[in-house]
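# Secondary and tertiary structure notes
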Amino acid sequence: MDFKTSDEERPSVVIILSGKRKCGKDYIADWLFKRFGEERAVIIRLSGPLKQQYALENNLNYEKLLDASQYKEVFREKMITWGEAIRKQDPGYFCFHAIQQTQATSKEIWIVSDARRETDIEFFLSRYPNETLIVRINASDSVRKRRGWNYTKGIDDCESECGLDTYKNWNFQILNDDNEQMSEGLNKLLQSLNSK
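Residues numbered from 1 in each chain as written. Predicted model: local features only at pLDDT ≥ 70, side-chain atom pairs only at ≥ 80, totals over all residues. Heavy atoms only, no water.

### Re the sheet that holds strand β4 (residues 132-138)
Our working definition: When DSSP finds two or more bridges between a pair of strands, those strands are recorded as paired. Every helix listed is a DSSP run of H or I at least four residues long, and every strand listed is a run of E at least two residues long, numbered separately from the N terminus. Note on geometry: axes are lines fitted to C-alpha atoms, helical ones only across the stretch in contact, with angles between N-to-C directions running from 0 to 180 degrees. Any pair of residues with heavy atoms lying within 4.5 Å of one another is described as a contacting pair.
Spatial strand order, β2-β3-β1-β4-β5: five strands in an open sheet with parallel pairing. Each having just a single partner strand, β2 (41-44) and β5 (172-175) make up the two edges of the open sheet. In this sheet, neighbouring strand axes are inclined to one another by 20° on average, regardless of whether the strands run parallel or antiparallel. On top of the sheet, helix α5 (residues 93-102) reaches β2 and β3 (109-115); it is set at about 140° to β2, its chief contact.

### Regarding the packing of aromatic side chains
Rules: Between 30 and 60 degrees the pair is tilted, below 30 it is stacked and above 60 it is edge-to-face, where a pair is any two Phe, Tyr or Trp rings, Trp via its six-membered ring, whose centres lie within 6.5 Å. Whether a residue is buried, partly exposed or exposed follows from its accessible area with a 1.4 Å probe, protein chains only, as a fraction of its type maximum: under 20%, in between, or over 50%, in that order. Lysine NZ or arginine CZ positioned within 6 Å of the ring centre and within 35 degrees of the ring normal marks a charge as sitting over the ring.
Scanning the model with the defined rule gives seven aromatic pairs in all. With a centroid separation of 5.6 Å and an interplanar angle of 65°, the aromatic rings of Y54 and W82 are classed as edge-to-face. A residue pair is termed long-range when its members are at least 10 positions apart, and Y54 in helix α2 (residues 47-58) and W82 in helix α4 (residues 70-89) qualify at 28 residues. Each member of the pair, Y54 as well as W82, is classed as buried. Feature note: the residues Y54, W82, Y93 and F94 constitute an aromatic cluster, connected by ring pairs. Between the NZ or CZ atom of R127 and the centre of the ring of F123, over which it lies, the distance is 3.8 Å. The ring of W149 is capped by R144, whose NZ or CZ atom sits 3.9 Å from the centre of that ring.

Just distances and angles here, no functional claims.
Quick look at the structure:
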């Protein structure tokens, strides 16, 4: 699918967040959104269009598929399999639709909350190479478990969770085992953004 934006629709910055389940990437995306404000920023959830279409096709509650509830966990494995089949045909499909769904082109700061594959990063880098910052959020397994994560075969060992484990070209890595670490990482990120 061909996706182009005019100069007026180009973001001034694209912050791509990536990390394992329960690492805190949604919390950090929300924090950044509040920091920049809704007039300037938008959160682009790449899983949004996937979950929306999956909910429509399977008569499920779309809003509950978006939150951190157990409801989503019941359908996660089947959603992943379904989404992978679409990505094989068009790797940028969900990126394109997430931008459309959030009307992101009207905002200057794009916060991509859930990059999971190199093709997700490539989609934005190929279109916005100078505007894109790629951020990995890390948290230890013990902290993730305290936040409600349990290893699930077929989910935690598939590409949607491991696709960026060997990726090396992070602009920033934020350790999020506690608030102090997270604040330190976010401050460095904000300093970098302010210097752009």
